[in-house]
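Architecture and fold: a report
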Amino acid sequence: MREFPWGEVRQALRVAQRVAVVSHVRPDGDAVGSVLGLGWALRAAGKQVSLALADGVPLNLRHLPGAEDIAPQVAGEVDWIIVVDASDRGRVGTALPAEAVVDLNIDHHKTNTAYARYNLVNPEAVSTTAVLVEFIAEMGLPLPQEAAEALLTGLITDTIGFRTANMSPQALRLAADLMEKGADLSTLYFKALVERTYEALRYWGAGLSRLQREGPLVWTALTLADREAVGYPGNDDADLVNLLNAVQGTLIAVIFIEQSDGTVKVSWRACPGVDVSGVALQFGGGGHAPAAGATIPGPLSEVQERVLAATRRLLAPQEV
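Our subject in this report is the structure included herewith. (Residues numbered from 1 in each chain as written. Predicted model: local features only at pLDDT ≥ 70, side-chain atom pairs only at ≥ 80, totals over all residues. Heavy atoms only, no water.)

Two elements in contact, helix α4 (residues 145-158) and helix α5 (residues 169-180), have axes whose closest approach is 9 Å; the angle formed by their N-to-C orientations is 155 degrees. Put simply, α4 runs roughly antiparallel to α5. Crossing geometry of α4 relative to α5 is assigned as left-handed. Across the interface between the two elements, Ala-148, Leu-151, Leu-152 and Leu-155 from α4 touch Ala-171, Leu-174, Ala-175, Leu-178 and Met-179 from α5. Broken down by class, the residue content of the contact of α4 with α5 amounts to nine nonpolar, no polar and no charged. (Axes fitted to C-alpha atoms, helices over the stretch in contact; angles between N-to-C directions. Helix = DSSP H or I, 4+ residues; strand = E, 2+ residues; numbered from the N terminus. Parallel < 35°, antiparallel > 145°, perpendicular 65-115°, else oblique. Left-handed = near helix turned anticlockwise from the far one by under 90°. Contact = heavy atoms within 4.5 Å. Nonpolar A, V, L, I, M, F, W, Y, C, P; charged D, E, K, R; others polar.)

Its 16 residues give helix α11 (residues 300-315) an end-to-end C-alpha distance of 22 Å, which sits within 8% of 22 Å, the value for a rise of 1.5 Å per residue. Of the surrounding elements, those touching the buried residues of α11 are β6 (212-214), β7 (217-222), β8 (252-258), β9 (263-270), α10 (277-282) and β11 (291-297). (Expected span 1.5 Å × (residues − 1).)

Quick look at the side chain of Ser-23 now. Within the element layout of this structure, Ser-23 appears in the loop between β1 (18-22) and α2 (29-44). Judged by its relative accessible area of 0%, Ser-23 falls in the buried class. Residues within four places of Ser-23 in sequence aside, it is in contact with Ala-31, Val-35, Ala-52, Leu-53, Val-84, Asp-85, Arg-91 and Val-92. (Buried < 20%, exposed > 50% of the residue type's maximum accessible area, 1.4 Å probe, protein only.)

Reading across the sheet, the six strands line up as β6-β7-β8-β9-β11-β10 and stay open at both edges, with mixed pairing between neighbours. Every other strand in the sheet has two partners, leaving β6 and β10 (286-287) as the edge strands with one partner each. The sheet contact formed by β8 and β9 spans seven bridges and is antiparallel. From the neighbouring strand, Glu-258 faces β9, where its bridge partner is Val-264. Sitting on the sheet, helix α7 (residues 198-209) is in contact with β7 and β8, with an inclination near 125 degrees to β7. In this fold α11 packs onto β6, β7, β8, β9 and β11, with an angle of close to 165 degrees to the strand it touches most, β8. (Pairing = 2+ DSSP bridges.)

Tallied over the entire structure, the rule returns nine salt bridges. Here Asp-69 and Arg-43 are joined by a salt bridge, their closest N and O atoms 3.5 Å apart. On the criterion of sequence distance, the pair formed by Asp-69 in the loop between β2 (48-52) and β3 (80-84) and Arg-43 in helix α2 is long-range, its members being 26 residues apart. In this structure Asp-69 comes out as partly exposed when scored by relative accessible area, which is 39%. (Salt bridge = Lys/Arg side-chain N within 4 Å of Asp/Glu carboxyl O.)

Before going further, it helps to examine the sheet that holds strand β4 (residues 104-107). Two pairing modes exist for strands in a sheet, parallel and antiparallel, and in both the strands are linked by backbone hydrogen bonds. An order of β2-β1-β3-β4-β5 is seen for the five strands of this open sheet, with the pairing classed as parallel. Two strands bound the open sheet, and with one partner strand each, they are β2 and β5 (118-121). Mean inter-strand twist for the sheet, computed between neighbouring axes without regard to direction, equals 15 degrees. The pairing of β4 with β5 spans four bridges and is classified as parallel. If you follow Asn-105 over to β5, its bridge partner there is Asn-119.

We note that Asp-85 has phi near 60 degrees; this positive angle belongs to a residue other than glycine. Structurally, Asp-85 can be placed in the loop between β3 and β4. Positive phi values are uncommon outside glycine, yet Phe-162 reaches one of about 65 degrees.

Attention shifts here to the pairing of β11. Burial along β11 is one-sided: Ala-292, Ala-294 and Ile-296 are buried, while Ala-291, Gly-293, Thr-295 and Pro-297, pointing the other way, are not. Where β9 and β11 come together, seven bridges link them in antiparallel fashion. In the strand pairing of β11, Val-266 is matched with Ala-294. With two bridges joining them, β10 and β11 adopt antiparallel strand pairing. Residue pairing in the sheet places Gly-287 in a bridge with Ala-292 of β11. Between the end of β10 and the start of β11, which pair antiparallel, lie three residues.

For the rest of this paragraph, the subject is helix α3 (residues 128-138). The buried count for α3 comes to eight of eleven residues, which makes it a mostly enclosed element. Inspection of α3 places Thr-128, Thr-129, Ala-130, Val-131, Leu-132, Val-133, Phe-135 and Ile-136 among the buried residues, and these make up the whole buried set. One or two steps after α3, the chain reaches Gly-140, where phi turns positive at roughly 70 degrees.

This brings us to the packing of aromatic side chains. Within the structure shown, the criterion is met by five aromatic pairs. Considering the side-chain rings of Trp-6 and Phe-135, the 6.4 Å spacing of their centres and the 35 degrees angle between planes classify their relative orientation as tilted. Remark: Phe-135 occurs in helix α3 and Trp-6 occurs in helix α1 (residues 6-15); sequence separation between them is 129 residues. Of the two residues, Trp-6 and Phe-135, both sit in the buried class. Put simply, the rings of Phe-4, Trp-6 and Phe-135 touch in pairs and so form one group of aromatic residues. The ring of Trp-219 is capped by Arg-312, whose NZ or CZ atom sits 5.8 Å from the centre of that ring. (Phe/Tyr/Trp six-rings, centres within 6.5 Å; stacked < 30°, edge-to-face > 60°. Lys NZ or Arg CZ within 6 Å of the ring centre and 35° of its normal.)

In C-alpha cells, the structure reads:
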C-alpha cells in the first residue's frame, strides 16, 4: 500500500472526466458495493461515470441507491477504466471490451495478478470496499451517503456480518465511520444477509435435500432443474454456501451450481486455518483463504468429482 503512487494516480484521476467502474461476473456484495461506492464518490466530484457488471445486480442488492444505473457493459468513450474486486482481468467478463486497457485495479484478493497500469491491492483488508474507503480519502473525493451505504454493504457481506476470522478493530471502526456518513447498518445488514425471497428458500431446500458429508467436508449441488422448478431467477446459490459452512465439525463446505452455458460455478468456504484459495486457483478461479470460487466447464457430475478430489487432497493433512 505504501509503495502505491498516490500522487501520480491522483493527478491522472483529476484530469479524467469520463470514468468507467466495473467488477467481476456473478457479483457479490463487495463487487456491487465497490462499483456503486466508488461511482457515487466520483459523481460527487463532478465526473461522468459509467458503471458495469456483466451479470447485473443480484436481487438482494438492488435496494442500493444507483443499482439501476449499472449496465451489463461499458458503453461510449471513457478516459479511465477502474476495475474493483476482481483478481484477474478475465473476471470482468463482457463488462469491458477485450481490447480495453485497465488503468487502475483496486482489490483485496491475495490471488490478484496485478493486471492494470496501477494496482492497489491489500490482501489484509477485509473487503475491497475497505480498500476503497482509504482510496477515496487519499484522492480527496467526496463520500456522500449513497457511497457510504454501498461501501458498508461490501464490508458487511464480505465478512458475512462481521464474523469472518480476518475481522479487526479497524474494520469495526470503518463500519462506524460509514454509519456516521449516514449508512443504516441494521437495514443494510437485513437486506443483504437476512432477507430472502420465497423462491430462494425453496431453492435452498433443493440443495439441502442432497447435502452430503464426508468427515470434515460437506457439499451439495443446485441444478438447472432445481432453479426452474422453484422459479428462482438468479444463476447463483442464493448464499446457501454460507449456511453449509455452519454445519458442526465442518472444515470445508463446497457448493456446485449448474449453469446454462455448460459450466458449473463452484464456491468453497473454510474454517479458520484452512486456505481454499489455492484449490480455486487450480480451476482458474481465486479468492481468499476462507472463501473462494471458480467457474469450471463441464457436466455437473464430472466437475463435482474433480473438485471434490482436489479438495480432499487439501484436507488430508488437516485430518487426524
